[in-house]
Amino acid sequence: MIKKYLGSRWSPFVATFSVILFFYLKDALATTSVVATSITFGLPLAMAAMVGIMCERTGIVNIGIEGTLLVSSFIGFFVASVSGNLLVGLFAAVCMGAVSGLLLALLSVTWKMDQIIAGTIINILATGLTSFFYKQGHTLPSTFPEIDIPGLSAIPFFGPVLFMHGPLTFLGFFLILVLWVALYFTPWGLRSRSVGEHPGSADTAGVSVVRMRYLNVTIAGAFGGLTGAYLTLELVGSWDRGFSAGRGFTALALMIFGRWNPLGALAAALFFGVAQAITNQLMITEVVTIPLQFTNMLPYVLTILILAISAGKVRAPAAEGQPYEKESA
Amino acid sequence: MVRDESKELRVKYVRSWLLPVIALAIAFAIGALMMKLQGANPLKAYESLFSSAFGSSAGISKTLGKATPLIISGLAVTICLRAGLFNIGVQGQLLAGALASAWAGYAIHGLPLFIHLPIALFFGTFFGALTGIIAGALKAYRGVHEVITTIMLNSLVLQLGEYLAYGPFKEPGQQLARTPEVLSSAKIPDLFGMPVGFFIAITLAVIAWWIFKKTTSGFRLETVGRNKNAAWYAGISVKRSILISMFVGGGLAGLGGAIETLGVVGRYEPAFNAGLGFDGITIALLGRANPLAVIPGAILFGGMRGAGGSMQFAAGVSPDIIDLILALVLFFVTAPLIGKWIKTVRGNEAITTGGWGN
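Residues numbered from 1 in each chain as written. Chains lettered and ligands numbered in written order. Predicted model: local features only at pLDDT ≥ 70, side-chain atom pairs only at ≥ 80, totals over all residues.

For the rest of this paragraph, the subject is the overall build of chain A. Summing up its helical and strand segments, chain A has 14 helices and 2 strands in all. Expected size for 329 residues packed as a compact globule is a radius of gyration near 20 Å; at 20 Å, chain A falls within 12% of this value. For chain A, the C-alpha atoms occupy an extent of roughly 70 × 60 × 40 Å along the three principal directions. Sorting the 329 residues of chain A into buried and exposed places 51% on the buried side. Considering only intrachain contacts with a sequence separation of at least 6, the fraction spanning at least 24 residues in chain A is 76%. (Helix = DSSP H or I, 4+ residues; strand = E, 2+ residues; numbered from the N terminus. Rg over C-alpha atoms; globule rule 2.2 N^0.38 Å. Buried ≥ 20, exposed ≤ 12 C-beta atoms within 10 Å, placed from the backbone. Contact = placed C-beta atoms within 7 Å.)

This is the structure we're talking about:
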């Protein structure tokens, strides 16, 4: 009975919602700020998880998200810093992300490499390139400014949580919704999913497996570039070695927890964000004193727990990880 | 027929070392290009790199010392690769070993060298193995892909190490976050000016090679690595193989961390040991999952890592170029770019990818 309740995938959300409600009744202001912060923690993870979803739905395992985030945030930061224009930096980051996606497609689709090793190569290359070209002393002219949507941002609680963010936050949420619609309600989505589930049938039905995989992995890379740009140009405003801080890997876990569904992964990421924001708040208000290192561990522990709970119950796209060999007969 | 076979074998042999050599050459060439772009003299940089790594007996001793943990971490990756697991967690397992051995080295008092040192080494090995088997158990019983769990464990161990080095394990009266120095009874002594750890590492590589070449246990692991279903059908326990290989791989990595701590660093400091495990991945793939091939790769990497600073001095090149070159080596050795060109036999490659659920 207890096990059944705990195993329900809604239980974390119900629990989170109750906790938020409880604290809102106690202290409205602090709770609002915590939940608003949780969006800034959760959104980059959700966006990175979309990269994984787009790739894996077409049958490509992308373990190189971390590398994509690292290298695109790097390029975004330095281009924006040198040109003095955030939009130029954003554009450069998206292009860099697309290039990293294209590289993954080349390695795993054309060269039929082991996809996990292909992703690892992207990660190690990204680390090597960024640490070699990194130079200290660069700063951004500014970060993307916060936009308060008139009217809506005045609503208590929901205003600050949902309608007072930077432009890339809104864009990120919007694109996640677009991806969800596209994946389940458009011909492109149907083709993508069929390529990921049964490439042979998709091929027979006239869908080019190779083209579909190239297209999706490259778009996913560009989206990863956007995520990188969001991290450096809107959220943090600086860049340092190892900037992506494991978000790309956490995103993979969230993707699995969200069952390869954009909305599921978004929910999982927001849950993650709330957990982190609450911990931060507890630290700031010194309700509890936990060593900093333990709060830093929280995302990783949560990731492992989430996977241990959900792994047996979810089903990955069937053709994932396998290069497609056209039958010659 | 016999002649054909020997010819085929010879071709296979030549190809198996030709690929890494070409990959290295291309990576160094691109590295030179990068230096040129920065206005430095690549020849001078490489010359100082190699002369300080291999040009003197002190340099060679340092290189072999640096190569020691790399051989062992390369082996840790290799063994798991053979069993079909991609152990990215060597870094964390190594840190766990370094941390545990450092504690055993300074906190246990009053023992002679021949008891204290083995105990400290055992602590390192055991905690490395423990870190490894967490990922192994999650894979075997819950079906969680080892790549994710080991990456998460890497970060966990790193944070734990920082916590301990700043907190309970901190050297009294010291500003830096580090443990006290290990007692002399737990330090690995040098033998004829050569690091003893290096010989342990070589021995381990030979043992690993022998196990995969000659024993049924090695054969079992390898069968699971090549085809899980076939292995299961033949009555080999896949779960057991996963647990064993992650335990042994983690233990090796932990031992590598312990040898580095007790033989070189002398204590646990969070910033030390960084990247040893990741180099192990590159070395294992460079050696195409052959335990003996890990040795030359590790010596090369150890030399470059140890002497990277000399390039800064001689040619004004940032030692970070080493990271870039090593990444390029990995790229060229694993991408079938050159492989296709020289038609490498793809016999020795481990297949690691599966869905997240199996």
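Turning our eyes to something else, we now look at the nonpolar core. Ranked by internal contacts, the top residues of the largest apolar core, which has 206 residues, are A:Ala49, A:Met50 and A:Leu254. Examining the composition of this core, we find that 15 residues originate from one element, helix α3 (residues 28-57) of chain A, more than from any other. Here this core spans two domains, since at least three of its residues come from each of domain 1 (1-40 + 317-346) and domain 2 (56-316) of chain B. If sequence neighbours within four positions are ignored, A:Ala49 has contacts with A:Ala251, A:Leu254, A:Met255, A:Gly258, A:Ala265 and A:Ala269. (Core = buried A, V, L, I, M, F, W, Y, C linked by C-beta atoms within 7 Å. Domains from an automatic or database assignment.)

Attention now moves to helix α4 (residues 90-107) of chain B. Spanning 18 residues, α4(B) covers 25 Å between terminal C-alpha atoms, matching the ideal 26 Å at 1.5 Å per step. Among the 18 residues of α4(B), 17 are classified as buried, and the element is accordingly described as predominantly covered. (Expected span 1.5 Å × (residues − 1).)

Quick look at the interface of chain B and chain A now. Contacts between the two partners involve 40 residues from chain B, matched on the other side by 41 residues from chain A. Broken down by secondary-structure element, the contributors of at least two residues to the side of chain B that touches chain A are α5 (113-142), α6 (146-166), α11 (276-286) and α13 (321-334) of chain B. Broken down by element, the side of chain B that touches chain A gets its largest block of residues, 11 residues, from α6(B). For the side of chain B that touches chain A, a count of residues per class yields 24 nonpolar, 12 polar and 4 charged. (Nonpolar A, V, L, I, M, F, W, Y, C, P; charged D, E, K, R; others polar.)

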